[in-house]
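Geometric and topological summary
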Amino acid sequence: MSTYSYKDLILFGEGLKVYFSLARSLTEVLTFKKGRNVRAVDGVNIYLPRNKVTCLVGESGCGKTTLGRSIIGLIRPTEGRIYYKPSKELEELMEKEGVPKREGFYDITDVSGKIYKLLRRELQIVFQDPYGSLNPRMTVKEILEEPLIIHGIGESEDERLEMVIKALTDVKLTPPEEFLNLYPFQLSGGQRQRVNIARALILGAKVVVADEPVSMLDVSIRAEILKLMLDLKENRDLTYLFITHDLAVASIICDYINIMYLGKIVERGPTDEVIKNPKHPYTQALLVAVPQPDPKGRWVIKEVPIKGEVPSAINIPPGCRFHPRCLYAMDICQREEPPEYLVGKDHYSACWLHKEKK
Ligand SMILES: Nc1ncnc2c1ncn2[C@@H]1O[C@H](COP(=O)(O)OP(=O)(O)OP(=O)(O)O)[C@@H](O)[C@H]1O
Ligand code: SF4
Ligand SMILES: [Mg+2]
């Protein structure tokens, strides 16, 4: 079920699963055992309201990147469907090709060929690592021109250059002419991330998955990059899925929050609701871990009320997958997976505690 009215959304995914099969070990082969799967995403519904920032928050390895990549078509989900409301140009082509529809959205899960190529323009990603994600042997101009060439945009080199200059100006790398012939190693971390953002937007992106875009940057430039991204969102009617492990960053920039644990979204809703009134024990524990000032203005980090370590995504606990670490676990939690309960306005939490209270 959707948290939001469909008319407010630009993209959503339902029942999404992404499993990676692992190569069988020698013992498994000799004992005729089946290979094992990494259940990176394990039954997720995700909704992206248009022109809003939706965050995906969770610990390392919980499946954030895999989910982000799957909703923009970079990884094909094992199960589930992804629906998108495209630009006019793409919509005409989808209509012509008979792409299946639901509630005015097109099912993009299995598209290929020309439609897939046009989708790639509209659904983009900004990677975490501003260092590793730029080709060190290409200049800034070449990096930004490459997607234009691949997609056959721009009649001439001059026309493409104009687009590259505009893209650099948009991400505030000015004067743009000074950056065109630089290589990535000649840029600072913040400048590289600006080039990454420019590359994501140069083809006219509508939805951007921003995968921990500031986590590898110096604290001093994080705020600048976040502000740039928010300004671009307003100016270009962008929609973000913002991936972060940092609930403090999420609470500042996101309109909606999804808390992910071991392949599942355990709590979701408007940011204010989730931060001020967290309902799921995992969200409550994550919030305790956010440093807070004490009455004397000193920053205090409290001990997180969770037991043990995150289990492996190869061996997900039965019932509520959080139960081995949860301080409130009950018998039912070990046996049955909790459904999502509506716990506030547009606010959902998947925990058996809410049933007990009814
Ligand atoms: N191509 C792959 N093959 C096998 N396992 C994978 C693959 N990609 C990811 N995984 C596994 O899937 C799970 C989720 O990984 P993912 O990178 O999506 O997590 P994440 O939340 O983005 O983590 P991080 O915060 O460290 O970036 C992890 O257990 C990871 O080891
Ligand atoms: S369902 Fe049970 S184990 Fe899971 S979070 Fe709720 S109380 Fe804890
Ligand atoms: Mg990741």
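About the thresholds
- Residues numbered from 1 in each chain as written.
- Chains lettered and ligands numbered in written order.
- Predicted model: local features only at pLDDT ≥ 70, side-chain atom pairs only at ≥ 80, totals over all residues.
- Heavy atoms only, no water.
- Pairing = 2+ DSSP bridges.
- Helix = DSSP H or I, 4+ residues; strand = E, 2+ residues; numbered from the N terminus.
- Axes fitted to C-alpha atoms, helices over the stretch in contact; angles between N-to-C directions.
- Disulfide = S-S within 2.5 Å.
- Buried < 20%, exposed > 50% of the residue type's maximum accessible area, 1.4 Å probe, protein only.
- Near = heavy atom within 4 Å.
- Nonpolar A, V, L, I, M, F, W, Y, C, P; charged D, E, K, R; others polar.
- Salt bridge = Lys/Arg side-chain N within 4 Å of Asp/Glu carboxyl O.
- Phe/Tyr/Trp six-rings, centres within 6.5 Å; stacked < 30°, edge-to-face > 60°.

**As for the sheet that holds strand 11 (residues 264–270)**
Spatial strand order, 7-8-9-3-10-11-15-14: eight strands in an open sheet with mixed pairing. Only two strands of the sheet have a single neighbouring strand rather than two, namely strand 7 (123–126) and strand 14 (341–344). Geometrically, the sheet is characterised by an average inter-axis angle of 25° between neighbouring strands, direction not taken into account. Pairing of strand 10 (residues 256–261) with strand 11 involves six bridges; the strand directions are antiparallel. Across the sheet, I259 pairs through a bridge with E267, a residue of strand 11.

**Some thoughts on the state of the cysteines**
Formally, a disulfide is one covalent bond, and it connects the sulfur atom of one cysteine to the sulfur atom of another. Taken as a whole, this structure holds one disulfide when the rule is applied. The disulfide partner of C55 is C254, and the S-S distance across this bridge is 1.6 Å. Of the two residues, C55 sits in strand 3 (residues 53–57) while C254 sits in the loop between helix 9 (247–253) and strand 10, which places them 199 residues apart along the sequence. Residues C55 and C254 agree in their burial class; the two are buried.

**Let's talk about the site of ligand 2**
Around ligand 2 sit 13 residues, and of these C320, C326, C333, C351 and W352 come closest. A per-class count over the shell around ligand 2 returns 11 nonpolar, two polar and no charged.

**Looking at unusual backbone geometry**
What is expected of a backbone is that most residues other than glycine have negative phi and most peptide bonds are trans. A cis amide bond links T174 to the next residue, P175, at an omega of -5°. Positionally, P175 belongs in the loop between helix 6 (157–170) and helix 7 (189–201). You will see that D237, though not glycine, has its phi angle at about 55°, which is positive. With respect to the helices, strands and loops of the structure, D237 is situated in the loop between helix 8 (219–236) and strand 9 (239–244). A relative accessible area of 39% places D237 in the partly exposed class. Phi is positive for D346, which is not a glycine, with a value near 55°. Mapping D346 onto the fold places it in the loop between strand 14 and strand 15 (347–349). Among the residues examined, D346 registers a relative accessible area of 25% and is labelled partly exposed.

**Thoughts on the pairing of strand 4 (residues 79–84)**
In the sheet, strand 1 (residues 9–21) pairs with strand 4 via five bridges, with the strands oriented antiparallel. Bridging across to strand 4, K17 finds its partner in E79. Alignment of strand 4 against strand 6 (residues 105–107), held across two bridges, turns out to be antiparallel. Counterpart to Y84 in the pairing with strand 6 is Y106.

**Observations regarding the pattern of salt bridges**
When the charged atoms of two side chains lie near each other, side chains of opposite charge can form a pair. Scanning all chains against the criterion turns up 24 salt bridges. Between D110 and R76 there is a salt bridge whose closest N-O contact spans 4.0 Å. Placement of the pair is D110 in the loop between strand 6 and helix 4 (113–122) and R76 in the loop between helix 2 (64–71) and strand 4, with a sequence separation of 34 residues. With relative accessibility at 44%, the residue D110 sits in the partly exposed group. Where K227 meets D231, a salt bridge forms, and the shortest distance between an N and an O atom there is 2.8 Å. Here D231 and K227 lie together in helix 8, a separation of four residues that amounts to about one turn. Three or more residues joined by partner-sharing salt bridges are found here, namely R39, D42, K264, R321 and E337.

**As for the packing of aromatic side chains**
Summed over the entire model, instances satisfying the criterion amount to nine aromatic pairs. Residues F12 and Y47 carry aromatic rings whose centres are separated by 5.9 Å and whose planes lie at 20° to one another, so their mutual orientation is stacked. One end of the pair, F12, is in strand 1; the other, Y47, is in strand 2 (residues 37–49), with 35 residues separating them in the sequence. Like F12, the residue Y47 is buried in the burial classification.

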